[in-house]
Number of protein chains: 2
Amino acid sequence: MSQPAKALGSFSCPLPVPASERIVLGHGSGGTLSADLLRKVFLPAFENATLARLDDQAIVSVNGCRLAFTTDSFVVKPLFFPGGDIGSLAVHGTINDLAMGGAKPLFLSAAFILEEGLPLETLNRVVNSFHKAATAAGVQVVTGDTKVVEKGSCDGIFVNTSGIGLVPDGVKLSADQARPGDKIILSGAIGEHGIAILAQREGLDLQTPLESDSAALYELVAAMQGTGARLRCMRDPTRGGISSALNEIAARSRAGMTLDERAIPVREEVRGVCELLGLDPLYVANEGKLVAIVDTQDAEKLVAAMRENPLGRQAQIIGTVTGENPGLVVMRTTLGTTRIVDMLAGDQLPRIC
Amino acid sequence: MSQPAKALGSFSCPLPVPASERIVLGHGSGGTLSADLLRKVFLPAFENATLARLDDQAIVSVNGCRLAFTTDSFVVKPLFFPGGDIGSLAVHGTINDLAMGGAKPLFLSAAFILEEGLPLETLNRVVNSFHKAATAAGVQVVTGDTKVVEKGSCDGIFVNTSGIGLVPDGVKLSADQARPGDKIILSGAIGEHGIAILAQREGLDLQTPLESDSAALYELVAAMQGTGARLRCMRDPTRGGISSALNEIAARSRAGMTLDERAIPVREEVRGVCELLGLDPLYVANEGKLVAIVDTQDAEKLVAAMRENPLGRQAQIIGTVTGENPGLVVMRTTLGTTRIVDMLAGDQLPRIC
């Protein structure tokens, strides 16, 4: 088997590499293959307690300040889509990773990998959108980097955004904090980002145009924190959808979960495209929604507060954390049956963020 | 003119784009084209005082802590080269950007963009090298991200590393701090990283093997700070070499500089390859060297301390900051003539970091 010399530079590999030992698109899906890669490659190498929390952000202490720190690369295709572009998406994604740890986002970095030949106008549009999204969210872009690669060596623009936020005293949200009896809350309808990207990419002619839900969630989170509700953890269901977000929490908390399908809002257009293409909306990404685990006594109060915020209008209690079947997420379907909501194995929709 | 549809996704541009309004490799060189891009695209969009310092790191204040924050993407080709690889290089580059601000590096992020089909073994080698370099430098990798793109959509592995460091009380290093009379100090021989990459990439058969000087400079910086010398600023001469680093300082400080060519160490192998290929070592990247501007009264003491450190053995005073010709870097050559050391216009060596 010949080696892809261009891709690997000088690395020489004398023996054929079995397909199972190569990177596939599913390794970037946020599903089980991503989890495998994390377990097999990254966690053993970088072993430390902060990383092992496996939350969307690291919480680190510097001179008594509790900081949230996160990074995300964005390779979304196409660069511009209904409801956003790679610039605004990068800002929202990173802000949301900080906010899911209960942190107030403060500072962002912006690192661009550009393909030779890219029109400056395209870069300008992306950078201005990045700036607009950051300003709207009250965060400053304080450091950056630009690399250029030869034509054909990247796909237009890749963006990396890292972020720093401040975690208020007493806030301790982590995926291992869910307890039996807790309620599972979803802030709104699922799957809109993934299906908007897919529709754009594949040129689907939807009767009602569908926009990505890409949005910065910190204001919603601040409103939720303002209620004093005993929040255990939050996740934004991006790659892998709410199934991955909830499976991760169930696994880390060694708890079971029961969901009620009827309580999960799905827009008609999203449901339609999913049925047409054989996709399951539970596995399709949002970029402006969150799931929260909260003490059952505070759940109604929290949902009421969320509905006051434009980003939480459709907030719902969608299920309960249970003491049974630790690590398993089970859903009561609209038909009255029960099914297991597993982690996504491969990748339904590559390059949606 | 047809549009590169794959690269630009859905972005449609009805008019031909002149070549001058497209990204070229030189925009990533660290020279004048990079500076143009910064001035025309990034600074107007992200306008704020922290970014406008144009140092290698942002210094931000969080609850009274002064933090350094930096980001860098790495697209070096080949992935593995004599003296390092994309993993160790990413760690060293980011640590050095923090250290140049006088900060103690604390935490790193690691974000990987992987090409479908990449052997897991290649990823493993890079990740282990990343970890080893971070551990050797005493920094923790606390957060990460992995994206996968289709075969042909990136070049093996791209890495982004962002970092957080702590700036000690009283330390204020910035490119605008150089004053006439200050001495310019270089920690060692120039051009080794760039020429090592070039030799590997082009299959040059050097009599003496040349290794990249890629190294983490924080220990050297700590030793320099320990002398109490009045440091004005530091830069690591990466893309664009020492010419870019010094031109940036001269411009920001509105001061002139006079360099003494005889004082600038260049290894024979580097000089030989440069002569052969028509390159100027002043424009070739290091990844384990620094230039420092220091009060003239402290210069000898500082050089002596640097020479005690393995990374500063060849430290030299290479020139003086002057009050004449603000923004201009002038060199007295070994031939006794004088020449202007300008910013690099295009890109001598693309993808060296």
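Asker: So what exactly am I meant to see when it comes to the packing of helix H6 (residues 192-202) of chain B against helix H9 (residues 268-277) of chain B here?
Answerer: Between two packed helices, both the angle of their axes relative to each other and the distance between the axes serve to describe the pair. Residues and elements named next belong to chain B. The interhelical angle for the contact between H6 and H9, taken along N-to-C directions, is 60 degrees, at an axis separation of 10 Å. The angle between H6 and H9 places the two elements in the oblique class. Like other packed secondary-structure pairs, H6 and H9 cross with a definite hand, here left-handed. Across the interface between the two elements, Glu-192, Ile-195 and Leu-198 from H6 touch Val-270, Val-273, Cys-274 and Leu-277 from H9. Here the contact of H6 with H9 is composed, by residue class, of six nonpolar, no polar and one charged.

Asker: Whenever I open this one, the relation of the copies chain A and chain B confuses me. Can you help?
Answerer: Between the two copies of this chain, the relationship is a rotation about some axis together with a displacement along it. Once chain A has been moved 0.0 Å along the axis and rotated by 180 degrees, it coincides with chain B to within an RMSD of 0.0 Å. Such a turn and shift between the copies fits a two-fold axis. In terms of proximity to the rotation axis, the leading residue of chain A is Cys-154 of chain A, whose C-alpha is 2.2 Å off the axis.

Asker: Where do I start with the pairing of strand E12 (residues 316-322) of chain B in this structure?
Answerer: Here four bridges tie strand E8 (residues 183-186) of chain B to E12 of chain B, and the two strands are oriented antiparallel to one another. Its bridge partner being in E12 of chain B, Ile-185 of chain B is matched across the sheet by Ile-317 of chain B.

Asker: What am I meant to see in the pattern of salt bridges here?
Answerer: Here the idea is simple: oppositely charged side chains can pair when their charged atoms come close. Residue and element names in this part refer to chain A. Within this structure, the stated rule accounts for 48 salt bridges over all chains. Arg-339 is the partner of Asp-280 in a salt bridge, and the nearest nitrogen-oxygen pair spans 3.0 Å. Placement of the pair is Asp-280 in the loop between helix H9 (268-277) and strand E11 (291-294) and Arg-339 in strand E14 (residues 338-340), with a sequence separation of 59 residues. A relative accessible area of 18% places Asp-280 in the buried class. We classify Arg-339 as partly exposed; its relative accessible area is 29%. Three or more residues joined by partner-sharing salt bridges are found here, namely Asp-182, Arg-230, Arg-232, Asp-295, Asp-298 and Lys-301.

Asker: Quick question: what am I supposed to make of the side chain of Arg-235 of chain A here?
Answerer: Residues and elements named next belong to chain A. When you line up the elements, Arg-235 lands in strand E9 (residues 231-235). Of the polar contacts made by the side chain of Arg-235, one reaches the side chain of Asp-55; its length is 2.9 Å. The residues contacting Arg-235, other than those within four sequence positions of it, are Leu-54, Asp-55, Asp-56, Met-100, Ala-175, Ala-245, Glu-248, Ile-249, Lys-289, Leu-290 and Val-291.

Asker: What should I look at first to understand the confidence of the model for chain A in this one?
Answerer: Residue and element names in this part refer to chain A. Counting all residues, the mean pLDDT for chain A is 92, and 94% of those residues have values of 70 or more. Note that residues 1-14 has pLDDT below 50 and, in this model, 30 contacts with residues that lie over four places away or in other chains. Model confidence for the complex is summarised by a pTM of 0.93, with the ipTM given as 0.93.

Asker: I keep staring at the packing of aromatic side chains and nothing clicks. Help me out?
Answerer: Where two aromatic rings form a pair, the distance of their centres and the angle of their planes describe that pair. With the rule as written, the count across this model stands at eight aromatic pairs over all chains. Measuring from centroid to centroid gives 5.4 Å for Phe-130 of chain A and Phe-46 of chain B, while their planes differ by 75 degrees, and the two rings are edge-to-face. Residue Phe-130 of chain A is found in helix H5 (residues 120-136), and its partner Phe-46 of chain B is found in helix H2 (residues 32-46); the two belong to separate chains. For Phe-130 of chain A, a relative accessible area of 0% translates into the label buried. When its relative accessible area of 4% is taken as the criterion, Phe-46 of chain B is described as buried. Grouped by ring-pair contacts, the aromatic residues Phe-42 and Phe-46 of chain A together with Phe-112 and Phe-130 of chain B constitute a single cluster.

Thresholds, definitions, all that
Residues numbered from 1 in each chain as written. Chains lettered and ligands numbered in written order. Predicted model: local features only at pLDDT ≥ 70, side-chain atom pairs only at ≥ 80, totals over all residues. Heavy atoms only, no water. Axes fitted to C-alpha atoms, helices over the stretch in contact; angles between N-to-C directions. Helix = DSSP H or I, 4+ residues; strand = E, 2+ residues; numbered from the N terminus. Parallel < 35°, antiparallel > 145°, perpendicular 65-115°, else oblique. Left-handed = near helix turned anticlockwise from the far one by under 90°. Contact = heavy atoms within 4.5 Å. Nonpolar A, V, L, I, M, F, W, Y, C, P; charged D, E, K, R; others polar. Least-squares fit on C-alpha atoms with pLDDT ≥ 70 in both. Pairing = 2+ DSSP bridges. Salt bridge = Lys/Arg side-chain N within 4 Å of Asp/Glu carboxyl O. Buried < 20%, exposed > 50% of the residue type's maximum accessible area, 1.4 Å probe, protein only. Polar contact = N/O pair within 3.5 Å; in protein donor to acceptor, adjacent residues only side chain to side chain. pLDDT = per-residue confidence, 0-100. Phe/Tyr/Trp six-rings, centres within 6.5 Å; stacked < 30°, edge-to-face > 60°.

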